[in-house]
Amino acid sequence: MSYYRNKQDYKKRQQTITWIIVVVAIIYICRLFFLQIVDVSYKDNADSNAFLKKTIYPSRGLIYDRNGKLIVSNQPVYDVMLIMREMHDFDTLAFCNTLNITKEEFITRINEIKDRKKNPGYSRYTPQVFMSQLSGEDYGRFQEKQFRFSGTFVQQRVLREYAVPHGAHAIGSIGEVNQKQIEADSYYKKGDYKGQSGIEKTYEEQLRGEKGVEILLRDVHGRIKGRYQNGERDILPKSGKNVTVGLDIELQQYGEELMNYKLGSIVAIEPSTGEILALVSSPSFDPSLLVGRKRSANYSALLKDPNKPLFDRPMMAMYPPGSTFKLVQALVMQQEELINRNTTFPCHRGYSYGVGRKLGCHAHPSPLNLPQSIQNSCNAYYCCCLREMLDNNLAKYKTTDHAYDVWRSHVTSLGFGDKLGVDFPNEKGGLILKSSRYDKIYGKNHWRSSTIISISIGQGEVLATPIQTANLAACIANKGYFYTPHIMKSIEGDSIDIKYRTKHYSTIDSQYFDVVQEGMLGAVMAGTARIGRIDSLEFCGKTGTAQNPHGKDHSIFIAFAPKDNPKIAIAVYVENAGFGATWAVPIASLMIEKYLRRSISPNRLYLEERILNAKFYEDTPENGTESKPD
Ligand SMILES: [Zn+2]
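Being a predicted model, the structure only gives us computed values, none of them experimental.

Considerations on the nonpolar core
Next, step 1: Ile-276, Leu-279, Met-389, Tyr-404, Trp-407 and Ile-476 are the most contacted members of the largest nonpolar core, which has 104 residues in total.
Next, step 2: Looking at this core element by element, the count peaks at nine residues for helix H15 (residues 379-390).
Next, step 3: Two domains share this core, each providing at least three of its residues, namely domain 1 (51-242) and domain 2 (249-303 + 318-586 + 601-613).
Next, step 4: By size, the runner-up hydrophobic cluster in this structure holds 35 residues, among which are Leu-258, Ile-534, Ala-584 and Leu-590.

Structural data, given as structure tokens:
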């Protein structure tokens, strides 16, 4: 019995061993096949000491203005890279002399590289940036002697170069990626650059291109001996796409000059496309300040500047739109058939409401009809309008809440109360409160027009960005629709995203825009904006003054020109400048003339001079520039 069992066992054991041998053999053959035939990169890995795979950075897409002028191009910069494991017999002193640094600086930098807190993902085997953005002179000197320093090489990268010192906010800048950005997208490695603001950020993927790889041969000491297989195995980089923006860089420059020493914004839009022609945020700065090794020092200085040059005012500053909002009221009330061209309301130097309360108005004839109310910017007229809508037509609307909701939906259809969706990071949406919010503040059925009367003249809880009011001007120019404003015009000849080529219709019928345009024409020809008149050009505008609880009011003007077949819609904001007509009107009118006629007529040069010379703030003395007494 026991013999039989042993024989059985023996056979089983023999079978098992055979199986193990077969399986091992199969695995071995497969691996061999895979290594030798399938995985062609095996040789590279096996002999990785013999190769250096160097990233070739693509040239970033060039940026042209709407007239084909090159405004942003590239310049090469050079980083000194090193691979710790390969730094054999390293002559530190000679290395330091070549790069013009001290031995202490060298040690500090090496410790920084090795510090995994400062340099997450550090490895002795991978290239590390030792010194970035060498000057041309340093690069030349290092390149000559580089063969002496094993484990080092020079990495070329691409930085931006600007043809003109204008358009910094719209174009934005590129900067080194941070750890979070590296983790979010495997395209980026430490030391890489990425669009950090403006269209550089929005269109990063189109502009950046694709990286390539250059394979270099090295000797046993790790020194580079030449290209591997004459570069046949290299991967060529793919350049980023060249783009054209809607900006007219000459108009942009002119706008920045007019806004010199003033705080505020200019937004100019082509109504027939939604393309942004000029986007001025003042104070502005030279975009080349944010390029190269001085970037972070300059950035800190700009950040500390009390006038906030880095703040994108056109997209992010929210102001009460003031009297420019009367145009919105005029449209909504007509659409709701509460008023028409001939409706008049009296104005007794203002509008009385509640017990002994009055919202004032300036001197003008009374009563006024609708276009006259725009031309003269009557406050009382629009208070009466809001009363008609919220209080006096409850047979139609049932409740004040509902009447307000109807009002709000018209207002938001004109681009207020939410982001427009501009191709620009960090756009803000402004504010048009919901009725539920008023219910919360005052209690349901406990509020009416007199409670929120200031919204009728664009104050109180109404807030809008300069881009939103410029868009209103474009929408009125188009008599009822707008294209989402956008900076990009085309990407390497292709048209841009369909969302920027779609008409957004407001809830206001086009017929109601005629009388609003008539009032705006009156304002420029003979009303509040007559200082901005341009010979033999009919154009439409509306002044505004945004109340500023922190100081002098802000001056606002929106306009479009010409009245028929408009080519430009514009919004100008000058902070702390007081009444709208004094500063914002001439600036807008000069911009319009410059864009349509390319020069300013001699009889208006006095106006240009007045604006160019006006200073609303003084330079802040920089540290150390004040002279000391002997
Ligand atoms: Zn009035």
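Having seen the structure, we can now continue with the description.
Brief notes about the domain arrangement of the protein
Accessible area lost upon the coming together of the parts is a frequently used measure of interface size.
Next, step 1: Parsing the protein into structural domains produces domain 1 (51-242) and domain 2 (249-303 + 318-586 + 601-613).
Next, step 2: If you average the C-alpha positions of domain 1 and of domain 2, the two centres end up 46 Å apart.
Next, step 3: Taken together, the 34 residues of domain 1 in the interface contact 30 residues of domain 2.
Next, step 4: Both faces considered, domain 1 and domain 2 share a buried interface measuring about 2,800 Å² in area, 61% of it formed by carbon and sulfur atoms.

Here's the deal with the coordination of the zinc ion
Next, step 1: The zinc ion binds to the protein through Cys-347 (SG), Cys-361 (SG), His-364 (NE2) and Cys-378 (SG), with metal-donor distances spanning 2.0 to 2.4 Å.
Next, step 2: Each of the four donor atoms bound to the zinc ion contributes to angles spanning 104 to 123 degrees, and the resulting shape is tetrahedral.
Next, step 3: All donors of the zinc ion belong to a single chain; written as a sequence motif, their spacing is C-x13-C-x2-H-x13-C. Of this pair, His-364 sits in the loop between strand S14 (357-360) and helix H14 (370-375) while Cys-378 sits in the loop between H14 and H15, placing them 14 residues apart in sequence. Considered together, His-364 and Cys-378 belong to a single accessibility category, that of buried residues.

Some remarks on unusual backbone geometry
Next, step 1: Going from Ser-282 to Pro-283, the amide bond is cis rather than trans, its omega being 5 degrees.
Next, step 2: Along the chain, the position of Pro-283 falls in the loop between strand S12 (276-282) and helix H11 (295-304).
Next, step 3: Cis peptide bonds are those with omega within 30 degrees of zero, and the linkage from Ser-366 to Pro-367 qualifies with -5 degrees.
Next, step 4: A positive phi angle, close to 50 degrees, is found at Arg-349, a residue other than glycine.
Next, step 5: If you trace the backbone, Arg-349 turns up in the loop between helix H13 (326-335) and strand S13 (350-353).
Next, step 6: Within the chain, Asn-426 stands out as a residue other than glycine whose phi angle is a positive 70 degrees.
Next, step 7: For Asn-426, the position within the fold is in the loop between helix H17 (400-413) and helix H18 (435-442).

The rules behind these values
- Residues numbered from 1 in each chain as written.
- Predicted model: local features only at pLDDT ≥ 70, side-chain atom pairs only at ≥ 80, totals over all residues.
- Heavy atoms only, no water.
- Core = buried A, V, L, I, M, F, W, Y, C linked by side-chain atoms within 4.5 Å.
- Buried < 20%, exposed > 50% of the residue type's maximum accessible area, 1.4 Å probe, protein only.
- Helix = DSSP H or I, 4+ residues; strand = E, 2+ residues; numbered from the N terminus.
- Domains from an automatic or database assignment.
- Contact = heavy atoms within 4.5 Å.
- Buried area = accessible area lost by both parts, 1.4 Å probe.
- Donors = N, O, S within 2.8 Å, 3.2 Å for Na, K, Ca; no water.
- Tetrahedral: all angles 85-135°; square planar, octahedral: opposite > 155°, others 65-115°.

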